[in-house]
Amino acid sequence: DSRAAAAAAAAPFGPSGGGEEAPTLQQMAAAVSLLAQALSPDEKVVDGVASFLCQLPHDLPPAQKTLCFGEAARLLPPEQRPLLPHIALRAVTHRQSLPLPPPAQPAALAGALRDTLQCVRWLTVPSAAVPPAGEGGGGDDAWRLVQALSQALLALRRAAAASSGRVELLVGTASGVRGALPSEETEALLDELGAHARAAAAADPLLGESLEPMLFELRFWSAALRAHAENAACLRALEGGGPAAAVVGAAARSLDAATREALTSVVMQYEGETMGRLPSVAEVDAAMAGQRAGAGVLAVHLQDEESGAAHRSAAALRRLRRQLVPPLVRNVHHVLLEAGRKTGDQDLLHLSLYVADVVADARYGLYSNFDAPGLQHLLSQFRASALELLSAGDGVETA
């Protein structure tokens, strides 16, 4: 282990065993940064300081992460400051290389995804903490933004694949798991990444072309995670029997909106390799000359990147799509139908039947994600919606 990593391990948080106060986070960051100055070559600096970051609590507030980087930027010599973005990225790529828990451990799986997404925040530390590129700091916002987007989407894909498409495991809505995702921290991260990417795309059309596919996918995951969380809330409302009809109806409509946003996303139209493929660390680095790293620094990232390679392809996203679509469709139809029955709201019954239109829309091809038994079951559920409307005295148009 590097001396920087050893220093981090030797300086725990909280009071020391001898009754003295342990070093503060700022003091620890300063000590590691000073030790890193003696490390050579650059890849050892990256690995040493990143090891320190990896030992900090994953839910460290953004302000504390900014403090860490500010101290490192202040103490590292000018020739090492361009390594700061790569130090942040190294902390993320190491986290991505760790094996994920199986679906049988939903709390652990949801927690692993949450921790990885929070780790991505090291790449979103405000630029003020990193000296400008012209001053030897390498604070390239676009480079960090593209790497952060790619890493966040990779984390979501890996976790969804590990859950066998059961996204409810990732949002804390299955097997008694509560509050794992979407937490305020995770929602803030996804919203922050999306806002920064959209602003960067508007300011630089060329950069926007490379960001657009990832932005589409980010919106899809945000909507899909929200839909699963809202589905759980709707089921609790339907089972409880207490909430007023207006509350149940509002919850069902909110679920319908989130699900439609996910199901009608451009992600559902990805067929070629250009749309849906996540760029690797090396590809981003090569495309953005301002942050191009030496071969040794890149090797530090690449030694852990192989574990995520299988999830970066467009084919991997298509495989996930086949797993994710059926439960999203079944959930929204079930809630709309049952909420319509419970409240007598015919508009909800109509919405449950209109789910069939979305499934049949050739633009999205959602029907292709169902096997034959799944389609037969879905048709029987649409038939139940039509019969419910007929029994309520409302006419149902048929093709």
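Given the structure is predicted, the values throughout are model-derived calculations rather than measurements.

About the cut-offs
- Residue numbers run consecutively from 1 along every chain, following the written order of its sequence.
- In keeping with the predicted nature of the model, local features appear solely for residues at pLDDT of at least 70, side-chain atom pairs appear and are counted solely at 80 or more, and the whole-chain, interface and lining totals rest on all residues.
- Neither water nor hydrogens contribute to the side-chain values; these are computed over all heavy atoms in the structure.
- Strands here are runs of E lasting at least two residues and helices are runs of H or I lasting at least four, both read from the DSSP assignment and numbered beginning at the N terminus.
- Working definition: with a 1.4 Å probe on protein chains only, accessible area under 20% of the residue-type maximum means buried, over 50% means exposed, and in between means partly exposed.
- The contact definition used throughout considers only heavy atoms, calling two residues in contact when any of these lie within 4.5 Å.
- We get accessible surface area from the Shrake-Rupley algorithm with a probe of 1.4 Å; when it comes to residues, only the shown protein chains can shield them.
- A pair of Phe, Tyr and Trp rings is counted when the ring centres sit within 6.5 Å of each other, with Trp represented by its six-membered ring. The angle between the planes then sorts it: under 30 degrees is stacked, over 60 is edge-to-face, the rest tilted.
- In this description, a line fitted to the C-alpha atoms serves as the axis of each element, helices being fitted only across the stretch in contact, and the angle between N-to-C directions of two axes falls anywhere from 0 to 180 degrees.
- Roughly parallel refers to an angle under 35 degrees, roughly antiparallel to one over 145, roughly perpendicular to one between 65 and 115, and oblique to any angle outside these ranges.
- Crossing handedness is read from the near helix: turned anticlockwise from the far helix by less than a right angle, it gives a left-handed crossing, and turned clockwise, a right-handed one.
- We call Asp, Glu, Lys and Arg charged. Ala, Val, Leu, Ile, Met, Phe, Trp, Tyr, Cys and Pro are nonpolar, and the rest, Gly among them, are polar.
- As used in this record, nonpolar core signifies buried Ala, Val, Leu, Ile, Met, Phe, Trp, Tyr and Cys residues forming a set joined through side-chain atoms within 4.5 Å.
- Note on definitions: salt bridges are taken to be side-chain nitrogens of Lys or Arg within 4 Å of carboxyl oxygens of Asp or Glu.
- One number per residue, pLDDT, summarises how confident the predictor is, and it ranges from 0 to 100.
- Throughout this description, a polar contact denotes any pair of N or O atoms lying within 3.5 Å of each other; where both atoms belong to protein, one of them has to be capable of donating a hydrogen while the other can accept it, and for residues adjacent in sequence the pair is counted only when both atoms sit in side chains.
- The span one expects for a helix is its residue count, reduced by one, times 1.5 Å.

**Digging into the overall build of the protein chain**
Turning to step 1, where the next piece is worked out: Broken down by element type, the protein chain carries 15 helices and zero strands.
Turning to step 2, where the next piece is worked out: Burial status across the protein chain gives 51% buried among its 399 residues.
Turning to step 3, where the next piece is worked out: Taking as baseline every contact in the protein chain between residues at least 6 positions apart, the subset at least 24 positions apart corresponds to 78%.
Turning to step 4, where the next piece is worked out: Split by element, the accessible area of the protein chain, about 17,000 Å² in all, is 55% carbon and sulfur.

**Some points on the packing of aromatic side chains**
Turning to step 1, where the next piece is worked out: Under the counting rule described, the total for this entry stands at one aromatic pair.
Turning to step 2, where the next piece is worked out: Considering the side-chain rings of phenylalanine 220 and tryptophan 221, the 5.3 Å spacing of their centres and the 65° angle between planes classify their relative orientation as edge-to-face. Accessibility classification places phenylalanine 220 together with tryptophan 221 in one group, the buried group.

**Things to note about the packing of helix H3 (residues 42-55) against helix H5 (residues 84-97)**
Turning to step 1, where the next piece is worked out: Axis separation between H3 and H5 bottoms out at 8 Å; the angle between their running directions is 60°. When the interaxial angle is binned, H3 and H5 end up oblique. The handedness of the crossing between H3 and H5 comes out as right-handed. Along the contact surface, H3 presents Val45, Val46, Asp47, Val49, Ala50, Leu53 and Cys54, while H5 presents His86, Ile87, Ala88, Arg90, Ala91 and His94.
Turning to step 2, where the next piece is worked out: Grouping the constituent residues of the contact of H3 with H5 by class yields nine nonpolar, two polar and two charged.

**Side note on unusual backbone geometry**
Turning to step 1, where the next piece is worked out: The residue serine 164 is not glycine, and still its phi comes out positive at about 60°.
Turning to step 2, where the next piece is worked out: Relative to the helices and strands, serine 164 resides in the loop between helix H7 (141-162) and helix H8 (184-203).
Turning to step 3, where the next piece is worked out: Take serine 164: its relative accessible area is 45%, and that puts it in the partly exposed class.

**Overview of the nonpolar core**
Turning to step 1, where the next piece is worked out: Residues Trp122 and Leu211 are the most contacted members of the largest nonpolar core, which totals 103 residues.
Turning to step 2, where the next piece is worked out: Ranked by residues supplied to this core, first place goes to helix H9 (residues 205-240) with 14 residues.

**Let's talk about the pattern of salt bridges**
Turning to step 1, where the next piece is worked out: All told, the structure shown has 15 salt bridges when counted by the stated rule.
Turning to step 2, where the next piece is worked out: One continuous salt-bridge network, built from bridges that share partners, spans Arg95, Arg114 and Asp115.

**Remarks on the confidence of the model for the protein chain**
Turning to step 1, where the next piece is worked out: Here the protein chain averages 79 in pLDDT, while 74% of its residues score no lower than 70.
Turning to step 2, where the next piece is worked out: In this model, residues 132-139 is a region of pLDDT below 50 whose contacts with residues beyond four sequence positions or in other chains number 21 contacts.

**Some details on the side chain of serine 163**
Turning to step 1, where the next piece is worked out: Note that serine 163 resides in the loop between H7 and H8.
Turning to step 2, where the next piece is worked out: There is a polar contact of 2.8 Å between the side chain of serine 163 and the backbone oxygen of alanine 160.
Turning to step 3, where the next piece is worked out: Other than its neighbours up to four places away in sequence, serine 163 contacts Pro103, Leu109, Leu169 and Leu170.

**Comments concerning helix H4 (residues 62-75)**
Turning to step 1, where the next piece is worked out: Relative to the 20 Å expected for 14 residues at 1.5 Å per residue, H4 spans 20 Å between its end C-alpha atoms, a close match to the ideal helical length.
Turning to step 2, where the next piece is worked out: Among the residues of H4, those classed as buried are Lys65, Cys68, Phe69, Glu71, Ala72, Ala73 and Leu75.

**Thoughts on helix H14 (residues 346-360)**
Turning to step 1, where the next piece is worked out: The first and last C-alpha atoms of H14 sit 22 Å apart over 15 residues, in line with the 21 Å expected at 1.5 Å per residue.
Turning to step 2, where the next piece is worked out: What H14 keeps buried is the set Leu348, Leu349, His350, Leu351, Ser352, Leu353, Val355, Ala356, Val358 and Val359.

**Some thoughts on the environment of arginine 166**
Turning to step 1, where the next piece is worked out: When you line up the elements, arginine 166 lands in the loop between H7 and H8.
Turning to step 2, where the next piece is worked out: In this structure, the C-alpha to C-alpha distance between arginine 166 and glutamine 323, residues 157 residues apart in sequence, is 7.9 Å.

**Observations concerning the packing of helix H10 (residues 245-263) against H14**
Turning to step 1, where the next piece is worked out: Running from amino to carboxyl end, H10 crosses H14 at an angle of 10°, the nearest separation of the two axes being 11 Å. By the angle between their axes, H10 is roughly parallel relative to H14. On H14, the residues touching Gly249, Ala252, Arg253, Asp256, Arg260 and Leu263 of H10 are Asp347, Leu348, Leu351, Tyr354, Val355 and Val358.

**As for the environment of arginine 236**
Turning to step 1, where the next piece is worked out: Relative to the elements of secondary structure, arginine 236 occurs in helix H9.
Turning to step 2, where the next piece is worked out: Arginine 236 gets classed as partly exposed once you look at its relative accessible area, which sits at 44%.
Turning to step 3, where the next piece is worked out: Separated by 12 residues in sequence, arginine 236 and valine 248 have C-alpha atoms that sit 9.8 Å apart.

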